[in-house]
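The primary structure of each chain is shown beneath.
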Amino acid sequence: VSILQYIHDRHIIHRDIKPDNFVMGAKEHNDRLYLLDFGLAKKYRSSRTLIQYPYIKKKKLTGTARYASIHALEAYEQSRRDDLESVGYVLMYFLRGDLPWQGLKVKSKEDRYKKILEKKKETSSEDLCKNFPHEFYKYVDYTKNLEYTQNPDYDMLKQLFLDVVKGLKEKMDYIYDWTTKEDLQNRKEIKKKENNSEKESNGNKDNKNKKNRDEEIKS
């Protein structure tokens, strides 16, 4: 959600959110999540006026049907809501192991898209997220009901997942199965360098401000 907020703030939507396009960093950065493959990404609004492009129906789906939003499957122009809705399907795929619209019997690609769309429409957010923390239902339902031009409440969405962690009495320590002691040590060294750099930057800024004040006094 934070990554999407970052690119959305820069007037870009990804349009192909799926598990394959997320990776963890390497070595000391293996606690960081990265979003890949911007081949289908595009601007959703003017960076000058911030006016979103028209909500029009296109000829075909852009993205991956399994995780695409309902509006994307209907071939409508996408916006921020579609990226966020796709994240909900990705998360539920991880939790459930599959999605209700997988394994449908179809005759062609077009028939497959049509049946996936029908199944997504008839599967309520509550049924999709059944037996999992209520926050996942809230996330999916909220993103599915966003308006085309609506500014998503990213902070609220992130807080939902923090509430899940809190409810499970877990701690976000960013230490995973693949994290080594060497990785942790390297992280500490990087953090130390960043802190020293920030202190140095603040010190230079303070000195500059002091110099400016002294010059004003002299004047």
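Structure: see above.
The following refers to the structure shown. In this text the structure is predicted, and so the values were computed from the model without any measurement.

1. Description of the packing of aromatic side chains
And then number 1: Under the defined criterion, the tally for this structure stands at eight aromatic pairs.
And then number 2: Where Tyr139 meets Phe161, the ring centres are 5.3 Å apart and the plane angle is 40°; that geometry is what we call tilted. Of this pair, Tyr139 sits in helix α6 (residues 134-144) while Phe161 is found in helix α7 (residues 154-167), placing the two residues 22 residues apart along the sequence. When sorted by exposure, Tyr139 lands in the same class as Phe161, which is buried.
And then number 3: Relative to Trp178, the ring of Tyr176 has its centre 5.0 Å away and its plane inclined at 15°; by these criteria the two rings are stacked.
And then number 4: Taken together, the ring pairs in this structure connect Tyr55, Tyr76 and Tyr148 into an aromatic cluster.
And then number 5: The cationic tip of Arg10 hangs over the ring face of Tyr6; the distance from NZ or CZ to the ring centre is 3.6 Å.
And then number 6: For the cation-ring pair, Lys57 lies above Tyr76, with the distance from its terminal atom to the ring centre recorded as 4.6 Å.

2. Side note on the side chain of Ser69
And then number 1: Tracing the chain through its elements places Ser69 in the loop between β4 (42-43) and α2 (70-73).
And then number 2: On the basis of relative accessible area, Ser69 is assigned to the buried category, the value being 1%.
And then number 3: Apart from the residues within four sequence positions on either side, Ser69 is in contact with Asp82, Glu85, Ser86 and Tyr89.

3. With respect to a nonpolar patch on the surface
And then number 1: On the surface, a nonpolar cluster with roughly 210 Å² of combined accessible area is contributed by Val23, Tyr34 and Leu36.
And then number 2: Following the sequence through the fold, Tyr34 ends up in strand β3 (residues 33-35).

4. Focus on the nonpolar core
And then number 1: Leu128 and Tyr139 are the most contacted members of the largest nonpolar core, which totals 31 residues.
And then number 2: Of all the elements in the fold, those that place two or more residues in this core are α1 (2-8), α2, α3 (80-96), α4 (109-122), α6 and α7.
And then number 3: Dropping the residues within four chain positions of it, Leu128 is found in contact with Tyr89, Met92, Arg96, Leu99, Pro100, Trp101, Thr123 and Val140.

Cut-offs applied
Residues numbered from 1 in each chain as written. Predicted model: local features only at pLDDT ≥ 70, side-chain atom pairs only at ≥ 80, totals over all residues. Heavy atoms only, no water. Phe/Tyr/Trp six-rings, centres within 6.5 Å; stacked < 30°, edge-to-face > 60°. Helix = DSSP H or I, 4+ residues; strand = E, 2+ residues; numbered from the N terminus. Buried < 20%, exposed > 50% of the residue type's maximum accessible area, 1.4 Å probe, protein only. Lys NZ or Arg CZ within 6 Å of the ring centre and 35° of its normal. Contact = heavy atoms within 4.5 Å. Patch = residues over 30% accessible without salt bridge, like charges linked within 9 Å, V, L, I, M, F, W, Y side chains within 5 Å. Areas by Shrake-Rupley, 256 points an atom, 1.4 Å probe, with all protein chains shown as cover. Salt bridge = Lys/Arg side-chain N within 4 Å of Asp/Glu carboxyl O. Core = buried A, V, L, I, M, F, W, Y, C linked by side-chain atoms within 4.5 Å.

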